[in-house]
Amino acid sequence: MIICPSCKEEIEDDSHYCDQCGQELVYCSNCGRVGMGRRCTYCGGLMISVDELLSQRKQSVHQSSVVISDNPSSQPLMQTSRRAPEGSQMPVQNGIPTLTLYNPTLDIRMVGVNGAVIGRRQGPYHQLFEGNMYISGVHAQLIYKPDSGWCIIDKHSSNGTKLNQREVMPDVPMTIKSGDIVTLANINLQVSIN
């Protein structure tokens, strides 16, 4: 069973629409969670319909936390792996250098997680920012690219993201390195990469 993001009623796993309120269900193309809107509230991935998700998975077969079956009666449509809460408790990512963003004055220390959203309402760091109204619900995202290293992406935040006092354009990955300063709205964070 899954929970409809619109009416909060429990519905069948293989539903395309909520049988209580009629809302079309969309799933994150990245983590497989059900939700609403254009972006996943957990990881920032694009939300797509069940049909698009099935089509996408048929075209590219790869390891994922989402398991899809063409036969809904054989197994649930979606199965998601559980993730550990909060960035500091995330498992070590093999082959990826450890990224830390910190501000000792504000007692903020974040361990980078590849693909994690930074925001006031969403992502593994939301508890650090939930009281700051200048930080958007989905403010930025951290990603690791093998060719360029750790990057930060502004996710169309209201008050912007800066890297070393230069504005970061929305949806453009900007490489960060040790010693850089990332500014999320009004919060400066020092970058450390080991």
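Parameters at a glance
Residues numbered from 1 in each chain as written. Predicted model: local features only at pLDDT ≥ 70, side-chain atom pairs only at ≥ 80, totals over all residues. Heavy atoms only, no water. Helix = DSSP H or I, 4+ residues; strand = E, 2+ residues; numbered from the N terminus. Contact = heavy atoms within 4.5 Å. Areas by Shrake-Rupley, 256 points an atom, 1.4 Å probe, with all protein chains shown as cover. Core = buried A, V, L, I, M, F, W, Y, C linked by side-chain atoms within 4.5 Å. Buried < 20%, exposed > 50% of the residue type's maximum accessible area, 1.4 Å probe, protein only. Pairing = 2+ DSSP bridges. Phe/Tyr/Trp six-rings, centres within 6.5 Å; stacked < 30°, edge-to-face > 60°. Patch = residues over 30% accessible without salt bridge, like charges linked within 9 Å, V, L, I, M, F, W, Y side chains within 5 Å. Salt bridge = Lys/Arg side-chain N within 4 Å of Asp/Glu carboxyl O. Lys, Arg positive; Asp, Glu negative; His and termini not counted. Charge placed at Lys NZ, Arg CZ, Asp CG, Glu CD. pLDDT = per-residue confidence, 0-100.

### Focus on the overall build of the protein
1) Next: Along the protein, the regular secondary structure elements total 2 helices and 15 strands.
2) Next: Long-range pairs, those at least 24 residues apart, make up 36% of the contacts in the protein between residues at least 6 apart in sequence.
3) Next: About 10800 Å² of surface is accessible on the protein, with carbon and sulfur atoms providing 47% of the total.

### Considerations on the nonpolar core
1) Next: Counting 23 residues, the largest nonpolar core has L101, I118, F129 and L184 as the members making the most contacts within it.
2) Next: For this core, the secondary structure elements donating two or more residues are β6 (99-103), β7 (108-111), β9 (140-145), β10 (149-154), β14 (181-184) and β15 (187-193).
3) Next: Discounting chain neighbours no more than four positions away, the residues touching I118 are L101, M110, Y125, F129, V138, H139, A140, L142, I152 and L184.

### Here we look at the sheet that holds strand β8 (residues 117-118)
1) Next: The 4 strands are arranged β8-β9-β10-β13 in an open sheet whose pairing can be described as antiparallel. Every other strand in the sheet has two partners, leaving β8 and β13 (174-175) as the edge strands with one partner each.
2) Next: Here 2 bridges tie β8 to β9, and the two strands are oriented antiparallel to one another. Bridge pairing in β9 links V117 to Q141.

### Details of the packing of aromatic side chains
1) Next: Summed over the entire model, instances satisfying the criterion amount to 1 aromatic pair.
2) Next: Centre to centre, the rings of Y144 and W150 are 5.6 Å apart; their planes meet at 65 degrees, and the pair counts as edge-to-face. For the pair formed by Y144 and W150, the shared burial category is buried.

### Description of unusual backbone geometry
1) Next: You will see that K8, though not glycine, has its phi angle at about 65 degrees, which is positive.
2) Next: Tracing the chain through its elements places K8 in the loop between β1 (2-3) and β2 (10-11).

### Describing the sheet that holds β15
1) Next: As summarised here, the arrangement of the 6 strands in space is β7-β6-β15-β14-β11-β12, forming an open sheet in which the pairing is antiparallel. Two strands close off the open sheet at either side, each with one partner strand: β7 and β12 (166-167).

### Let's talk about a negative patch on the surface
1) Next: Together, E9, E10, E12 and D19 make up a region of like negative charge exposed at the surface.
2) Next: Tracing the backbone through its elements, the reader meets E10 in strand β2.

### Side note on the pairing of β6
1) Next: In terms of burial, β6 is largely enclosed, as 4 of its 5 residues are buried.
2) Next: Across 4 bridges, the pairing between β6 and β15 is antiparallel. Along β15, the bridge assignment pairs Y102 with Q190.
3) Next: Across 4 bridges, the pairing between β6 and β7 is antiparallel. Opposite L101, over in β7, you have M110 as the bridge partner.
4) Next: Adjacent in sequence and paired antiparallel, β6 and β7 are bridged by 4 residues, among which D107 carries a positive phi angle near 55 degrees.

### Considering the pattern of salt bridges
1) Next: For the structure shown, the criterion picks out 2 salt bridges.
2) Next: Between K155 and D171 there is a salt bridge, with its nearest N and O atoms 3.6 Å apart. Of this pair, K155 sits in the loop between β10 and β11 (161-163) while D171 is found in the loop between β12 and β13, placing the two residues 16 residues apart along the sequence.

### Points about the confidence of the model for the protein
1) Next: Mean pLDDT over the protein: 79, with 77% of residues reaching 70 or higher.
2) Next: Confidence over residues 60-92 falls short of pLDDT 50; this stretch has 61 contacts with residues more than four positions distant or in other chains.

### Description of the environment of F129
1) Next: Among the structural elements, F129 can be located in helix α2 (residues 126-129).
2) Next: By relative accessible area, which is 0% here, F129 ends up buried.
3) Next: On a C-alpha basis, the gap between F129 and I118 in space is 8.6 Å, while along the polypeptide they are 11 residues apart.
4) Next: In this structure F129 touches I108, M110, I118, G119, R120, I135, L184 and I187, once residues within four positions along its chain are discounted.

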